[in-house]
Protein chains: 2
Amino acid sequence: MKIAIIGGVAAGTSAAAKARRENKDAEIILFEKGNNISYAGCGLPYYICDIVPKRENIIINTPQKFAEKYKVNVKIGHEVTEIVPNSRTIKYKNLHNNNKEKYRYDKLIIATGAKPIFPPIPGSDLDNVVTLRTVKDADNIKSILTNQGIGQAVIIGGGLIGLEMAESFHEIGLKVTVVEKAPQLLPPFSKKMAGIVRKHLNDKGVRVIVNDGVSEIQGKEKVEQVLTESGQIIKAGLVLVSIGIRPDTKLAENAGIELGIADAIKINQKMETSIANIYAAGDCCESRNILTGENVWIPLGSTANKQGRTAGGNAAGGNFCHKGILKTGITKIFDLSVARTGLTVDEARDNGYKAETVQIAAGNHAGYYPGREKLNMLGVYDTNTGQILGAEIVGGSGTDKRIDVLSTAIYSKLTVEDLFQLDLAYAPPYSSPKDPVAIMGMVMNK
Amino acid sequence: MKIAIIGGVAAGTSAAAKARRENKDAEIILFEKGNNISYAGCGLPYYICDIVPKRENIIINTPQKFAEKYKVNVKIGHEVTEIVPNSRTIKYKNLHNNNKEKYRYDKLIIATGAKPIFPPIPGSDLDNVVTLRTVKDADNIKSILTNQGIGQAVIIGGGLIGLEMAESFHEIGLKVTVVEKAPQLLPPFSKKMAGIVRKHLNDKGVRVIVNDGVSEIQGKEKVEQVLTESGQIIKAGLVLVSIGIRPDTKLAENAGIELGIADAIKINQKMETSIANIYAAGDCCESRNILTGENVWIPLGSTANKQGRTAGGNAAGGNFCHKGILKTGITKIFDLSVARTGLTVDEARDNGYKAETVQIAAGNHAGYYPGREKLNMLGVYDTNTGQILGAEIVGGSGTDKRIDVLSTAIYSKLTVEDLFQLDLAYAPPYSSPKDPVAIMGMVMNK
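Owing to the predicted nature of the structure, the values given are computational and were not obtained by experimental measurement.

## Notes on the relation of the copies chain A and chain B
Each of the two copies of the chain can be brought onto the other by a rotation about an axis and a shift along it. Note on the copies: chain A fits chain B at an RMSD of 0.0 Å, the axial shift is 0.0 Å, and the rotation between them is 180 degrees. Each copy turns onto its partner about a two-fold axis. Same-surface contact between copies: 100% of interface residues of chain A are shared with the interface of chain B.

Set out below in structure tokens:
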């Protein structure tokens, strides 16, 4: 049994590790065109601002350690150039010496990830216009910051990564401006919740411009300033482009593998693609929305991990499935936790639910116990059946707990009545006799 | 419609508030023999050591405020002495002037709570031998500590309250010894988890003696020392007896109301007792175990709140139910959070499950992000069906999140496979790509 894996970050390494646990004897080979595998992509913003002090901290496994631990042939600096399904062959190139070789697989797992979208803005080829996706990108940003005495940064795009990087840059003393083309930050969030985040950023000294795109990045060799569509000029020694990513599926597409939503690789719950013996996992492929049954493309590290494990287990002869996702996500933005799960009210209505929302604010623990912080919560539910469908929380400590309880409740198809009935743990440092989740359930159940 | 409520702490006040919301016009009268209502019993340990600085902080509502807010006739210092179901009458006494009166009710809610068990130990009538249940008890302890320069305290009983008070006394500079008759602290927890707590208490400087009862409390007027069954002598200026509580059901029993487990008032899911038009709620009555369907007696503030709400809503003409509990509980003991939910492995086997346990240790968030703390987790599951049945967690920050996710999973009858599938929120400050709950599910699913 020969298992080949293309891509060595979250999904690829999860696949390799699970394949090995499932099958002691398989030959497992992993191709990674970069020089790092198994790095913590979500940790890069914290590495850049030295909250995570050492580069090695974000490299979960070196190629050597990983190869030894899982008995996997790890080929870094090797780019797969073609998949030939008929002959179960992949062609690859050693990037160090340009040697070309072939490998015949029994099972193939595509985990090629995603890459940043780089907009066709004049001046985006200037020096110090960067993106953040890989350890190499982070090294590049750190080197610019260390060597060039940058004072001002502009971040194009007010999504999760953009706002994490706003905090990161601000922490190391840069004056930061975030420019978002949409009318609000964090488009998957409701206007009200996004507004709370925006105010918090302003309070911390980050300038936020919404409803305004970047029309030109200006400078001689290096970026010097950014011009917006409305005519604002913002000085910048560094511009981070963070307007999104797209699945890296050229290899798959050229091999005739069917693409789905957002041009991500179409998969089923076993992570099988449209071509026999080829699986996909991670940011390059779709996931299934557990609530609606539709395939969606929501690239996240936690999903990549599960999909990789599922693909690796199946490729090695097991029988695993990934039931899907609820678009659960969280990020820390200064003192706020910003989290969501499930459907938005619009998505719910589009899927035939008679959906309404409620908004509440509640303390994260007993009022008399020190350090109480506020949680702003929005819930989406079906008024016919009472089913809980989605939630957003923006607030202090304990935001993550409530979003995970609600994600578990939505996964389990619980109703708003159930939210009151849940036997959640109460003691003054942790909650109130009526947990915020129960309070939200009670308000929905009126 | 005349609704009478006996008892004005968590269940009684929740019942009154919900009855008022359900029925604008009802006459609602609440009898409380003490002088406080609606106080935070779970906050008393924090009030004693000044983490909660002011007495008024733990009085959620004064009688006056509560009476105005909910239009309830609040009679503090009034003791109900008899319930006469046939004539739907209660007899009560004004404790200030000993006047006796009667009240004819349409619906009655018994929320008489529980009281500390005081063991028949010689010397337990000495001064400075105390219990902690009410604000008056807390005032008494604070006054002893303030006025008498106590240096050493013995706590009899190593349950939740005993250990919370060990921390509380230690924080204000007392030398503390906990004496527990059972072979371990925290009897509802497994030996291993209880051992972690014991070690932590030792590390903090609290002396813990297990497998040893108190045979005598010695002193002239005031306690001076405690003698254990094994012959140890422990100096003590204050002894806190914290060996448990029992339901306060004399009134109910005398009225012919059926008692159940642990002599708590027998109830159904509507909180109806065996006698028509009489409800019970809170620490004086049973709850239903959601998993086994059996009635149990697990007195907790969060349950009292829900039961009170259910009883009050039904008494006022609504149709509510309390589905039951999972024995979920949590407490903070110095730097540890100590939490449990669901069945123990023995309870599970007694109920016909083919139950096994797994134990894991996992970090509360990404390894490279600062401040990672360890979670020690024990899970109970059925090896036939994969159903998750119970869990214990002892660890750092994020313990409360995982116990609440697991409580929600158990409530929803999820399997160990589902624990892997849950779409929990991941970002480095909050979790790992594989959350500890998922890891536990994966280990169970092997």
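## Overview of the sheet that holds strand 15 (residues 233-235) of chain B
Residue and element names in this part refer to chain B. Spatially, 13-14-15 is the arrangement adopted by the three strands of the open sheet, whose pairing is antiparallel. Both edges of this open sheet fall to strand 13 (214-219) and strand 15, since each of them pairs with a single strand only. Adjacent strand axes in the sheet meet at a mean angle of 25 degrees, parallel and antiparallel pairs treated alike. Sheet analysis places strand 14 (residues 223-228) next to strand 15, joined by three bridges and oriented antiparallel.

## Quick look at the nonpolar core
In terms of nonpolar packing, the biggest core is built from 170 residues, with Phe169 and Val197 of chain A together with Phe169 and Val197 of chain B touching the most fellow members. When sequence neighbours within four positions are dropped, the list of residues in contact with valine 197 of chain B reads Leu163, Leu185, Leu186, Ile333, Leu336, Val338 and Val394 of chain B.

## Let's talk about the pairing of strand 1 (residues 2-6) of chain B
All names here are of chain B. With respect to burial, strand 1 is a largely interior element, four of its five residues being buried. Where strand 1 meets strand 2 (residues 27-32), five bridges bridge the pair, whose relative direction is parallel. Looking across to strand 2, one finds that lysine 2 is bridged to glutamate 27. Viewed along the sheet, the connection from strand 1 through helix 1 (residues 10-22) into strand 2 turns out right-handed. Bridging between strand 1 and strand 7 (residues 107-110) involves four bridges; their strand directions are parallel. Within strand 7, the residue paired with isoleucine 5 across the bridge is isoleucine 109.

## Description of the pairing of strand 5 (residues 89-94) of chain B
All names here are of chain B. Inspection of the sheet shows strand 4 (residues 78-84) paired to strand 5 by six bridges, in the antiparallel sense. Residue isoleucine 83 lies in a different strand from strand 5, and its bridge partner there is isoleucine 90. Counting the residues that bridge the hairpin from strand 4 to strand 5 gives four residues, and of these arginine 88 lies at a positive phi of roughly 45 degrees. In the sheet, strand 5 pairs with strand 6 (residues 100-104) via five bridges, with the strands oriented antiparallel. Note that in strand 6 the partner of tyrosine 92 across the bridge is glutamate 101.

## Structural notes on the interface of chain A and chain B
At the junction of the two partners, chain A supplies 59 residues and chain B supplies 59 residues. Of all residues in chain A, Tyr368, Asp423 and Tyr430 of chain A give up the largest surface area on contact with chain B, accounting jointly for 15% of the area buried on that side. The interface formed by chain A and chain B contains six salt bridges. In this assembly, chain A and chain B are joined by 29 residue pairs in polar contact (both at pLDDT 80 or more). When residues in the side of chain A that touches chain B are grouped by element, the largest group, nine residues, is from helix 10 (residues 399-411) of chain A.

What counts and what doesn't
- Residues numbered from 1 in each chain as written.
- Chains lettered and ligands numbered in written order.
- Predicted model: local features only at pLDDT ≥ 70, side-chain atom pairs only at ≥ 80, totals over all residues.
- Heavy atoms only, no water.
- Least-squares fit on C-alpha atoms with pLDDT ≥ 70 in both.
- Contact = heavy atoms within 4.5 Å.
- Pairing = 2+ DSSP bridges.
- Helix = DSSP H or I, 4+ residues; strand = E, 2+ residues; numbered from the N terminus.
- Axes fitted to C-alpha atoms, helices over the stretch in contact; angles between N-to-C directions.
- Core = buried A, V, L, I, M, F, W, Y, C linked by side-chain atoms within 4.5 Å.
- Buried < 20%, exposed > 50% of the residue type's maximum accessible area, 1.4 Å probe, protein only.
- Right-handed = clockwise from strand over helix to strand, strands pointing away.
- Buried area = accessible area lost by both parts, 1.4 Å probe.
- Salt bridge = Lys/Arg side-chain N within 4 Å of Asp/Glu carboxyl O.
- Polar contact = N/O pair within 3.5 Å; in protein donor to acceptor, adjacent residues only side chain to side chain.

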